[in-house]
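Analysis of the macromolecular model
Here are the chains, one letter per residue:
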Amino acid sequence: MVERYKSSVSPKQNFLLYARFGRRALRRFRQSLRYGRRALSQSPILFANSFPKSGTHLLTQVMQGFTHIGPAVVSGLPAVVTFDGLTGRQRSESEILSDLGILLPGDVAYGHVHAFPGALAYLCQPGFAAFFILRDPRDVAVSHVHYVAEMAPNHIHHRYYQEALHTFDERLQASIAGVSQAAFQQKYGADTQALLPHIRERFEPYLGWLEQPGVLALRYEIFSSDRQAALASVFDHAVRRGFVCRLDLQAALEALSKSIDPQRSPTFRSGKTGGWRAVFTPAHKALFKEICGDLLIRLGYETNQDW
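Predicted, not measured: the structure shown is a model, and the values here were computed from it. (Residues numbered from 1 in each chain as written. Predicted model: local features only at pLDDT ≥ 70, side-chain atom pairs only at ≥ 80, totals over all residues. Heavy atoms only, no water.)

Examining unusual backbone geometry
For clarity, the cut-off: Strands here are runs of E lasting at least two residues and helices are runs of H or I lasting at least four, both read from the DSSP assignment and numbered beginning at the N terminus.
Its identity as a non-glycine residue notwithstanding, Lys-53 has a phi of 65°, on the positive side. Inspection of the secondary structure puts Lys-53 in the loop between strand E1 (45–50) and helix H3 (56–64).

A look at the pattern of salt bridges
Our working definition: One side-chain nitrogen of Lys or Arg within 4 Å of one carboxyl oxygen of Asp or Glu is enough to make a salt bridge.
Tallied over the entire structure, the rule returns 10 salt bridges. Because the salt bridges share partners, they merge into one network encompassing Arg-200, Glu-204, Asp-294 and Arg-298.

Brief notes about helix H8 (residues 168–177)
How we decide: Only protein chains enter the accessibility calculation, which uses a 1.4 Å probe; a residue whose area is less than 20% of its type maximum is buried, one above 50% is exposed, and one in between is partly exposed. Every residue pair with non-hydrogen atoms within 4.5 Å of one another is taken to be in contact.
Listed as buried for H8 are Arg-171, Leu-172, Ala-174, Ser-175 and Ile-176. Buried residues in H8 make contact with helix H6 (137–151), helix H7 (158–163), helix H10 (199–203) and helix H14 (282–292). Where H8 terminates, the next one or two residues include Gly-178, which has phi positive at roughly 85°.

Remarks on the packing of H8 against H14
For clarity, the cut-off: What counts as an axis is a line fitted to C-alpha atoms, over the stretch in contact for a helix, and the angles between N-to-C directions run from 0 to 180 degrees. Under this scheme an angle from 65 to 115 degrees is roughly perpendicular, one under 35 degrees roughly parallel, and one over 145 degrees roughly antiparallel; angles in between are oblique. Note that Gly is not counted as nonpolar here; it falls among the polar residues with everything else outside the nonpolar set of Ala, Val, Leu, Ile, Met, Phe, Trp, Tyr, Cys and Pro and the charged set of Asp, Glu, Lys and Arg.
For the pair H8 and H14, the least separation of the axes is 10 Å and the interaxial angle reads 10°. Relative to H14, the element H8 lies roughly parallel. Contacts from Asp-169, Leu-172, Gln-173, Ile-176 and Ala-177 in H8 reach His-284, Leu-287, Phe-288 and Ile-291 in H14. Each residue belonging to the contact of H8 with H14 can be placed in one class, and the counts come to six nonpolar, two polar and one charged.

Notes on the environment of Trp-276
Tracing the sequence through the fold places Trp-276 in the loop between helix H13 (249–258) and H14. For the pair Trp-276 and Asn-49, spaced 227 residues apart in sequence, the C-alpha to C-alpha distance is 23 Å. Excluding its chain neighbours within four sequence positions, the residues that come into contact with Trp-276 are Asp-136, Arg-138, Asp-139, Val-142, Lys-285 and Trp-307.

Details of the side chain of Arg-202
Cut-off, in case you're wondering: Think of it this way: Lys and Arg go in the positive column, Asp and Glu in the negative one, and His and the chain ends go nowhere. Side-chain atoms alone can form a polar contact between residues adjacent in sequence; in general such a contact is a pair of N or O atoms within 3.5 Å, and within protein one must be able to donate a hydrogen while the other accepts it.
Among the secondary structure elements, Arg-202 is positioned in helix H10. Lacking a salt bridge, the buried Arg-202 has Glu-201 as its closest oppositely charged neighbour, with an N-O distance of 8.1 Å. One polar contact links the side chain of Arg-202 to the main-chain carbonyl oxygen of Pro-197, over a distance of 2.6 Å. Among residues more than four places away in sequence, those in contact with Arg-202 are Phe-51, His-144, Ser-175, Leu-196 and Pro-197.

As structure tokens, this is what we get:
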């Protein structure tokens, strides 16, 4: 089951992966004793998908709450990602589908997966309860700056944000407009393969998830404005997709709510919504409108360009 990793990771990483699979097996055994092996084998895979910096850990924590109300297991496996964070390489569709194929009934997993046809078909099939969380792209841009520059020293773009961009304004401009491969090569040499597309180009491959009836799309902001409604919609979607809850509705929603603890997220900073208003200058607003066009309108965050 872990054979696909061997060619791409070090022996130490392989050992850690085997340990993850071992811990998952132990957790599955415990949940089988608690809820029954058959119940676990018939439970849907709960998959939390997101555009990066859009509330991934928040949604994942809610998913983990399902382990307290029915047959579900925290897989503990690495995120299923479209881009390798260390190298910036775009992973192939077959690699991504291979990752998804490792998940077992009842597993809770997460990732950043583009809405390519194979992923749409796989995650919308029976046996999956798929969720997609999105966030105001302006807040995403701000969060991206803090993450890459301050919180992710191994990220492919961290060094550039630290050494070539000297102010928050410059970094925010880069997170909105992107950075060309030529700019990275000018700084670090012709062999550098780094590239940061502009934010609309980064967002658009995810938009297909918003059109799938088998996927519950959630706004990050609703967890602040009406957490109870957000949790109820998450719970209802999981049940419709085959999850069998062992508690009454109110107790189940309380368990899901208690599973949310921002301080357990390694990338949590503030969790605020609308924080972009405090840091966007008129120049940033103009740049964002130029780059993103009607993206905010398509996502329902604005009704026109007069913001």
